[in-house]
Amino acid sequence: MEFTRFHYVCAVAEQRSFSRAAEKCFVSQPALTKSIGNLEKELGVKLFDRSTTPIRLTYAGERYIEGMKNVLAMKQQVDREMEEIANMKKGRLIIGTPSSRSATWLPHILPVYLENYPGISLQILEGDSTELEQLLVKETIDLALISTLPILTPGIDFEAIGEEELMIVMPSSHPLFRGKELSPQPGVLYQIPPEVLQDIPFISATHGQGLYRAAQQIFDRFQIQPKTILETVNPSTAVILASQGMGFAIITVRNMNESYPVAPVFCTLEAPPFKRTLTVSWKKDRPLSLAARHLIDTTKRIASTCPALQLEPCRVLPLPI
């Protein structure tokens, strides 16, 4: 918006003279007079009563100045906000995160981020992998933390921030372990043959979860097809049901240290165990704001340095003879 003519009108109103206003504005009087005349034609009203000496504002002129002062104040406010956003003093990010991640990851990431950028307002939306991908495409959220590969929805870009191992949870009552001395140890997985899982009951994550996608990758890799008997969004529930003999489950090794009513056997089909990639993702071709870029960098740094988020690689042992 061009404010030069507004300043001319204000100068004439203050000086009550076109000539003195031109001197104040460092412009020739004919140029100033022509500029205001053109403005009056565009508005369809007279801003000044030229029949009096000195000239004075008409009612339309008074209303014009009052209205333009409000517009100018709004412009100045917007300019300040844009400057604050550019300098990371103000802004807003809407973050999507899997429900299973929010309680374990966000408390380590967001306090550090907000300490450095206190003017950024954050909003958190939880959902499974499919829901988060759809929210990204619709631009309902700016970033998805912490998502995993594979990403099945077109139009999404990502940066990897780390990896995590997955494990097979088996009931200790399974015939494979009969007569064997198994001593559960933290960070230890027993390697079992893939064909053991063929056609046996499987306690699955729900279709929308990243863990479901990872399980399908494992099954495709070893060309096995278990029988899904139920789905649950809660990995701990899957472990408990598996330990009770209902079937097997696939979860992350982060769940290994939890306490369960009946101790299961934690296994793997290969050494080292299957790993899935953790990511921060966003809509492809959508420019990342400076606030979003800094949150990505903060997440990558915390993911690689925070002890609470670090897990030692599991040791893989063969089943005792």
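What you see is a predicted model; the values in this text were computed from it and never measured.

Once that is clear, we can look at the confidence of the model for the protein. In regions of low pLDDT, the predicted coordinates are not meant to be interpreted in detail. Mean pLDDT for the protein: 91, with 97% of residues reaching 70 or above. Looking at the elements of the protein, mean pLDDT is at its lowest for helix H4 (residues 59–86), recorded as 80, and at its highest for strand E8 (residues 201–204), recorded as 97.

Below, the discussion takes up the pattern of salt bridges. Once the charged atoms of two side chains with opposite charge are near each other, the side chains can pair. On inspection of all chains with the given rule, the structure shows 15 salt bridges. Between Asp-49 and Arg-56 there is a salt bridge, with its nearest N and O atoms 3.4 Å apart. The residue Lys-283 makes a salt bridge to Glu-139 at a minimum N-O spacing of 3.0 Å. Of this pair, Lys-283 sits in strand E12 (residues 275–283) while Glu-139 sits in the loop between helix H6 (129–137) and strand E5 (143–148), and the two are 144 residues apart along the sequence. Owing to a relative accessible area of 23%, Lys-283 belongs among the partly exposed residues under this scheme. With a relative accessible area of 41%, Glu-139 lands in the partly exposed category. Each member of the salt-bridge network shares a partner with another, and the members are Glu-159, Arg-293, Asp-297 and Lys-300.

On to the environment of Arg-92, then. When you line up the elements, Arg-92 lands in strand E3 (residues 91–97). Setting aside residues no more than four positions away along its own chain, Arg-92 makes contact with Ile-120, Ser-121 and Asp-142.

On to the pairing of strand E4 (residues 120–126), then. Sheet topology places E3 next to E4; seven bridges connect them, and they run parallel. Bridge assignment links Leu-93 to a residue of E4, and that residue is Leu-122. In the classification by handedness, the crossover that spans E3, the intervening helix H5 (residues 99–116) and the parallel E4 is right-handed.

Calculation notes
- Residues numbered from 1 in each chain as written.
- Predicted model: local features only at pLDDT ≥ 70, side-chain atom pairs only at ≥ 80, totals over all residues.
- Heavy atoms only, no water.
- pLDDT = per-residue confidence, 0-100.
- Helix = DSSP H or I, 4+ residues; strand = E, 2+ residues; numbered from the N terminus.
- Salt bridge = Lys/Arg side-chain N within 4 Å of Asp/Glu carboxyl O.
- Buried < 20%, exposed > 50% of the residue type's maximum accessible area, 1.4 Å probe, protein only.
- Contact = heavy atoms within 4.5 Å.
- Pairing = 2+ DSSP bridges.
- Right-handed = clockwise from strand over helix to strand, strands pointing away.

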